[in-house]
Amino acid sequence: MAAVHADQRGFLPGSFVEIRHADPAADAAACAAIYRPFVTETAISLEERPPDTAEMARRIEQISARYPWLVALQESSVIGYAYASPHRERAGYRWAADVAVYVGADHQGRGVGSALYRSLLGLLARQGVRQVCAGIGLPNAASVALHESCGFELVGVYRRIGRKLGAWQDVGWWQLELPGSDPPSEPTSPATLRQA
């Protein structure tokens, strides 16, 4: 897998973080492990059962056919991941995508999420995606700060939209417009970008 950004430094003194496209076979177990506590211990994700390695591999493979799924590695270990997915399936939404980022507990607050998003948003803009949306389970000050530092703006809150951990949960929606032509050209696939 080719690196997206081969040189992302500055998260830890002397550290080196590589960001590359995810490989379902090689990265699914690590992505599942990073995601698991968000499912089992928080309402950040409204999933109730964490996906196992096979399910995470299936998700990576399915998403990667249409959008980037990136992993951040430090010393060959996956420490975070970010991906895009369809915002809605109707044809008129094809220039919009939802995005998400997850970083392992030991690496949060060190710029890994920002680096993943910079890479992901750049690839999405090159694909022709014009609008990106992020749903954030509230409260989640760290995620709100990350998204707003990347230029996302709050567009609304779904009140009491989901139930988890014995309580109703709110989900805020943030949106960012990416640069591009107007009218837009048809979005391309991630495979096209990897060949460029």
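What comes next concerns the included structure.

### A closer look at the overall build of the protein chain
In step 1: Along its length, the protein chain carries 5 helices and 8 strands.
In step 2: Relative to the 2.2 N^0.38 estimate, which gives 16 Å for 196 residues, the radius of gyration of the protein chain is 16 Å and therefore close to what a compact globule would have.
In step 3: Projecting the C-alpha coordinates of the protein chain onto the three principal axes gives extents of approximately 50 × 40 × 35 Å.
In step 4: Within the protein chain, the fraction of its 196 residues that count as buried is 45%.

### With respect to a nonpolar patch on the surface
In step 1: On the surface, a nonpolar cluster with roughly 270 Å² of combined accessible area is contributed by Leu46, Tyr158 and Ile161.
In step 2: Along the chain, the position of Leu46 falls in the loop between helix H1 (24–40) and helix H2 (53–64).

### Some points on the packing of aromatic side chains
In step 1: Under the criterion given, the structure shown has 8 aromatic pairs.
In step 2: Measuring from centroid to centroid gives 4.4 Å for Trp69 and Tyr83, while their planes differ by 15°, and the two rings are stacked. Note that Trp69 is positioned in strand E3 (residues 69–74) and Tyr83 in strand E4 (residues 77–86), a separation of 14 residues in sequence. Exposure class is identical for Trp69 and Tyr83. Each is buried.
In step 3: Three or more aromatic residues link up through ring pairs in this structure, and these residues are Tyr35, Phe38, Trp69, Tyr81, Tyr83 and Tyr102.

### Things to note about the pattern of salt bridges
In step 1: On inspection of all chains with the given rule, the structure shows 8 salt bridges.
In step 2: A salt bridge links Arg59 to Glu55; the shortest N-O distance between them is 2.9 Å. Remark: Glu55 and Arg59 occur in helix H2; sequence separation between them is 4 residues, near one turn of the helix.
In step 3: With a closest N to O distance of 2.8 Å, Arg94 and Glu186 form a salt bridge. Taken together, the residues Arg94 in the loop between E4 and strand E5 (96–103) and Glu186 in the loop between strand E8 (167–177) and helix H5 (190–195) connect sequence positions 92 residues apart.

### Some points on unusual backbone geometry
In step 1: A cis amide bond links Leu138 to the next residue, Pro139, at an omega of 0°.
In step 2: A cis amide bond links Asp182 with the next residue in sequence, Pro183, at an omega value of 5°.
In step 3: Mapped onto the secondary structure, Pro183 falls in the loop between E8 and H5.
In step 4: Of note in the backbone geometry, Arg160 takes a positive phi value of approximately 50° without being a glycine.
In step 5: Here Arg160 lies in strand E7 (residues 153–164).
In step 6: According to the relative accessible area criterion, Arg160 is exposed, its value standing at 51%.
In step 7: With a phi angle near 55°, Leu165 is a residue other than glycine that sits in the positive phi range.
In step 8: Of note, Leu165 is situated in the loop between E7 and E8.

### Quick word on the side chain of Lys164
In step 1: Take Lys164: it is sitting in strand E7.
In step 2: One buried charge, Lys164, has no salt-bridge partner; the nearest side chain with opposite charge is Glu48, at 7.3 Å.
In step 3: Among the polar contacts made by the side chain of Lys164, one reaches the main-chain carbonyl oxygen of Glu47 at a distance of 2.8 Å.

### Some details on the nonpolar core
In step 1: Formed by 51 residues in total, the largest nonpolar core has its most connected members in Met56, Trp69, Tyr81, Val99, Leu124, Val132 and Phe152.
In step 2: A total of 8 residues in this core trace back to one element, the largest contributor, which is helix H3 (residues 112–127).
In step 3: Beyond its immediate chain neighbours, meaning those up to four positions away, Leu124 contacts Tyr67, Pro68, Ala84, Val99, Val129, Val132 and Leu178.

### A few points about the side chain of Asp98
In step 1: On the secondary structure map, Asp98 appears in strand E5.
In step 2: Here Asp98 is buried and forms no salt bridge, its nearest opposite-charge partner Arg88 lying at an N-O distance of 4.8 Å.
In step 3: Side chain to side chain, Asp98 and His87 meet in a polar contact 2.6 Å long.
In step 4: In contact with Asp98, other than residues within four places in its own chain, are Tyr83, Ala84, Ser85, Pro86, His87, Cys133 and Trp173.

What counts and how
Residues numbered from 1 in each chain as written. Predicted model: local features only at pLDDT ≥ 70, side-chain atom pairs only at ≥ 80, totals over all residues. Heavy atoms only, no water. Helix = DSSP H or I, 4+ residues; strand = E, 2+ residues; numbered from the N terminus. Rg over C-alpha atoms; globule rule 2.2 N^0.38 Å. Buried < 20%, exposed > 50% of the residue type's maximum accessible area, 1.4 Å probe, protein only. Patch = residues over 30% accessible without salt bridge, like charges linked within 9 Å, V, L, I, M, F, W, Y side chains within 5 Å. Areas by Shrake-Rupley, 256 points an atom, 1.4 Å probe, with all protein chains shown as cover. Salt bridge = Lys/Arg side-chain N within 4 Å of Asp/Glu carboxyl O. Phe/Tyr/Trp six-rings, centres within 6.5 Å; stacked < 30°, edge-to-face > 60°. Lys, Arg positive; Asp, Glu negative; His and termini not counted. Polar contact = N/O pair within 3.5 Å; in protein donor to acceptor, adjacent residues only side chain to side chain. Core = buried A, V, L, I, M, F, W, Y, C linked by side-chain atoms within 4.5 Å. Contact = heavy atoms within 4.5 Å.

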